[in-house]
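Coordinate analysis (summary)
What follows is the residue order along each chain.
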Amino acid sequence: MDVMVKHHNGFTLVELLITLAVTIVLLTLGLPSMQSFLDSARLVDAAEQLQSHLQQARIESIARSTDIHVNISANGSPWVYGISHRNLCDATQTTPAGPSACVLVVDDGDKSFDPEADLVLMRFDSTDHAGVSASGGNIQITFSSLRGTSSGGTIDLTSDGGRKLSISVGLLGRINVCYAQDSAHPVTGYKECS
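Okay, so let's go over this structure. A quick note: this is a predicted structure, and the numbers were derived from the prediction, not measured.

Within the protein chain, the secondary structure is distributed over one helix and nine strands. Sequence-ordered secondary structure for the protein chain, helices as α and strands as β, is α-β-β-β-β-β-β-β-β-β. Principal axes of the C-alpha set define a box for the protein chain whose edges measure 95 × 45 × 30 Å. Every one of the 194 residues in the protein chain was classed for burial, and the buried ones make up 36%. For the protein chain, contacts bridging at least 24 residues in sequence account for 48% of all contacts bridging at least 6. Looking at the protein chain as shown, the accessible area adds up to about 11900 Å², and 58% of this sits on carbon and sulfur atoms. Here the protein chain contributes 12 positively and 20 negatively charged side chains, and the mean placements of these two sets differ by 6 Å.

Residue placement: Ser61 occurs in helix α1 (residues 13–64). Of note is the side chain of Ser61, whose polar atom sits 3.3 Å from the backbone oxygen of Ser144. In this structure, Ser61 is in contact with Thr66, Ile68, Phe143, Ser144, Ser145 and Gly148, ignoring residues within four places of it in sequence.

What follows deals with unusual backbone geometry. The residue after Ser77, namely Pro78, is reached through a cis peptide bond having omega 5°. By the secondary structure assignment, Pro78 is in the loop between β1 (68–76) and β2 (80–84). Even without glycine at this site, Arg147 takes up a positive phi of about 65°. Structurally, Arg147 can be placed in the loop between β6 (132–143) and β7 (153–159).

Let us now look at the pattern of salt bridges. Side chains that differ in charge, positive against negative, can pair when their charged atoms come close. Per the counting criterion, the structure on display carries three salt bridges. Among the salt bridges present, the one from Glu60 reaches Arg64, with a minimum N-O distance of 2.6 Å. Of the two residues, Glu60 and Arg64 both sit in helix α1, four residues apart, roughly one turn of that helix. In this structure, Arg123 engages Asp125 in a salt bridge whose closest nitrogen and oxygen atoms are separated by 2.9 Å.

A few words on the state of the cysteines. Two cysteines whose sulfur atoms are joined by a covalent bond form what is called a disulfide. Applying the stated criterion to the full structure yields two disulfides. A sulfur-sulfur separation of 2.0 Å characterises the disulfide bridge that pairs Cys89 with Cys102. Its S-S torsion of about 85° marks the bond between Cys89 and Cys102 as right-handed, since a negative value means left-handed. Linking Cys89 in the loop between β2 and β3 (103–105) with Cys102 in the loop between β2 and β3, this pair joins segments that are 13 residues apart in sequence. Judged by relative accessible area, which is 0%, Cys102 ranks as buried.

A separate point is the pairing of β2. Of all five residues in β2, five are buried, a share of seventy percent or more. Burial along β2 is two-sided: Val80, Gly82 and Ser84 and Tyr81 and Ile83, pointing in opposite directions, are all buried. Looking at chain direction, β1 and β2 are connected through five bridges and run antiparallel. Paired with Ile72 across the strands is Tyr81, a residue of β2. Here β1 hands over to β2 after three residues, the two strands then running antiparallel side by side.

The next subject is a nonpolar patch on the surface. Where nonpolar side chains cluster on the molecular surface, the patch consists of Phe11, Leu13, Leu16, Leu17, Leu20 and Ile24 and spans about 670 Å² of accessible area. If you trace the backbone, Leu13 turns up in helix α1. According to the relative accessible area criterion, Leu13 is exposed, its value standing at 60%.

Thresholds applied
Residues numbered from 1 in each chain as written. Predicted model: local features only at pLDDT ≥ 70, side-chain atom pairs only at ≥ 80, totals over all residues. Heavy atoms only, no water. Helix = DSSP H or I, 4+ residues; strand = E, 2+ residues; numbered from the N terminus. Buried < 20%, exposed > 50% of the residue type's maximum accessible area, 1.4 Å probe, protein only. Contact = heavy atoms within 4.5 Å. Areas by Shrake-Rupley, 256 points an atom, 1.4 Å probe, with all protein chains shown as cover. Lys, Arg positive; Asp, Glu negative; His and termini not counted. Charge placed at Lys NZ, Arg CZ, Asp CG, Glu CD. Polar contact = N/O pair within 3.5 Å; in protein donor to acceptor, adjacent residues only side chain to side chain. Salt bridge = Lys/Arg side-chain N within 4 Å of Asp/Glu carboxyl O. Disulfide = S-S within 2.5 Å. Pairing = 2+ DSSP bridges. Patch = residues over 30% accessible without salt bridge, like charges linked within 9 Å, V, L, I, M, F, W, Y side chains within 5 Å.

Set out below in structure tokens:
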């Protein structure tokens, strides 16, 4: 005796509604943690870029046997900074031709080294770091050619979510990143500032 079995292809309306409801619940639960993760990631990215540029300035001061200056305008958002062999460079200038632009002389390898033609603009701003503001005012950190010591300084970065990282440069040139005590949430991977 052959029994015919009917096979259904696809979902019933009830199955589809249950799947849709479960998906909505999971998205609702996961969205705040995803926003928190992205907020923290934007802040860490900005802090690590600034830390990297400060380290680069320190290395350049030793390699070139000359003082290298990092001029920072950290007054909220937008914020900007520049690296230069010139004292008190203007990080708002966007071309290397200006007399106070933040520039370094970099030999381009064309066998005709010209300190004026080989100027490279060393200006960085917060456009890549939406949602991150900086405070600390107008700061100049000078790295000395003698062992990379510095004049010291601190820059505080704050995310839209209230997380705060502090980048400090000590007198011996050591660059430290930590999360501020008044931060809304600790930032994973960093110690609390002492």
